[in-house]
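Structural description and commentary
Take a look at the letters that make up each chain.
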Amino acid sequence: MSVRLAPSILGADLAHLADEVARVLEGGADLIHVDVMDGRFVPNLTFGAPVVRHLRRITDAPLDCHLMVEHPEDYIGPFADAGATILTIHPEATVHLERHLAEIRRRGMRAGAALNPATPLAAIEEVAADLDLLLVMSVNPGFGGQPFWEPAVEKVRRARALLDAKASRAMLEVDGGVARATIGRLAAAGADTFVAGHAVFTASDSAAEVRELRRLAEAGAAGRMSG
Ligand code: DX5
Ligand code: ZN
């Protein structure tokens, strides 16, 4: 199983965003994770479609946009126009998950669903076969640099079983507190896509940190395959 690294620009020095992005891509980052917060669904405010539009001008890398907003449907058009590759929304933020996932795909993006720690996998069970990405949150969303929510490892294991049972080829992504100490276990549990903000961007060499996280994830994934 191939692993994907998705550094979150929430952890980057935003005054030097282009350099920060170039550096992690040099380290082999597969996706650039963009945390969109509206100050309502989560208690923090970050950036929106204009930042994605500017990122799209400086890179062809997939832009993995994670919407932590109320009324996510209002943002589908602007993010599609800005050049987002993946658009992930929270079922906790809408009563029309299936409709919005279909609209995301209709607009040419890949569609993801993200689950807060307290939200059961059952919230996406009926749409699992249609997902391009399932994101298991391993912190309560809102801020970078929070401690890892340990039960996420077991939840990832159950998420992998659910996707396999539905014959889904969705990416299984984990987000929050992903670092050297946690990434191997998450890969062993079946995650294949890893968001990391703090761990990557506080490292003295972010490119080297991406490489090291990949090495640990691959080792964890190999353990899963042979175990
Ligand atoms: C959490 C965001 C994460 C966050 C992860 O609200 O969705 O993507 O940036 O940051 P770290 O890796 O610092 O926990
Ligand atoms: Zn995120």
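Preceding block: the structure.
Below, the structure is looked at part by part.

Parameters and conventions
- Residues numbered from 1 in each chain as written.
- Chains lettered and ligands numbered in written order.
- Predicted model: local features only at pLDDT ≥ 70, side-chain atom pairs only at ≥ 80, totals over all residues.
- Heavy atoms only, no water.
- Helix = DSSP H or I, 4+ residues; strand = E, 2+ residues; numbered from the N terminus.
- Buried < 20%, exposed > 50% of the residue type's maximum accessible area, 1.4 Å probe, protein only.
- Contact = heavy atoms within 4.5 Å.
- Pairing = 2+ DSSP bridges.
- Axes fitted to C-alpha atoms, helices over the stretch in contact; angles between N-to-C directions.
- Core = buried A, V, L, I, M, F, W, Y, C linked by side-chain atoms within 4.5 Å.

Take the environment of Ala 181 next. Looking at where Ala 181 falls in the secondary structure, it is placed in helix α7 (residues 180-189). In this structure Ala 181 comes out as exposed when scored by relative accessible area, which is 63%. C-alpha separation for the pair Ala 181 and Tyr 75, spaced 106 residues apart in sequence, amounts to 35 Å.

Within the span of α7, buried status applies to Thr 182, Ile 183, Gly 184, Leu 186, Ala 187 and Ala 189. In the core, the buried residues of α7 are packed alongside β1 (4-7), α6 (152-165), β7 (171-175), β8 (193-196) and α9 (206-226). Positioned one or two residues after α7, Gly 190 has a phi angle of 120°, which is positive.

A separate point is the sheet that holds strand β2 (residues 32-37). Taken in spatial order, the eight strands line up as β1-β8-β7-β6-β5-β4-β3-β2 in an open sheet, and their pairing is parallel. Every other strand in the sheet has two partners, leaving β1 and β2 as the edge strands with one partner each. On average, each strand axis in the sheet is inclined to that of its neighbour by 25°, with strand direction left out of account. Inspection of the sheet shows strand β5 (residues 110-115) paired to strand β6 (residues 133-137) by four bridges, in the parallel sense. Looking across to β6, one finds that Ala 114 is bridged to Leu 135. Contacts between helix α2 (residues 49-58) and the sheet are confined to β2 and β3 (63-68), with β3 contributing the most and set at about 170° to the helix.

Okay, the nonpolar core next. Counting residues in each nonpolar core, the largest one holds 67 residues, and the members touching the most others are Ile 9, Val 34, Phe 79, Ile 124, Leu 134, Leu 186 and Phe 194. No other element matches the six residues that α6 contributes to this core. Setting aside its immediate chain neighbours within four residues, Phe 79 contacts Val 36, Gly 48, Ala 49, Val 52, Cys 65, Leu 67, Ala 84, Leu 87 and Met 109. Grouped together as the second largest cluster of nonpolar side chains are 10 residues, Ala 6, Ala 114, Leu 133 and Val 139 included.

Turning next to unusual backbone geometry. For His 71, which is not a glycine, the phi torsion comes out positive at approximately 50°. Tracing the sequence through the fold places His 71 in the loop between β3 and α3 (76-82). Here His 71 falls in the partly exposed class, since its relative accessible area comes to 46%. A positive phi is found at Ala 167, a non-glycine position, where the angle reads about 55°. Within the secondary structure, Ala 167 sits in the loop between α6 and β7.

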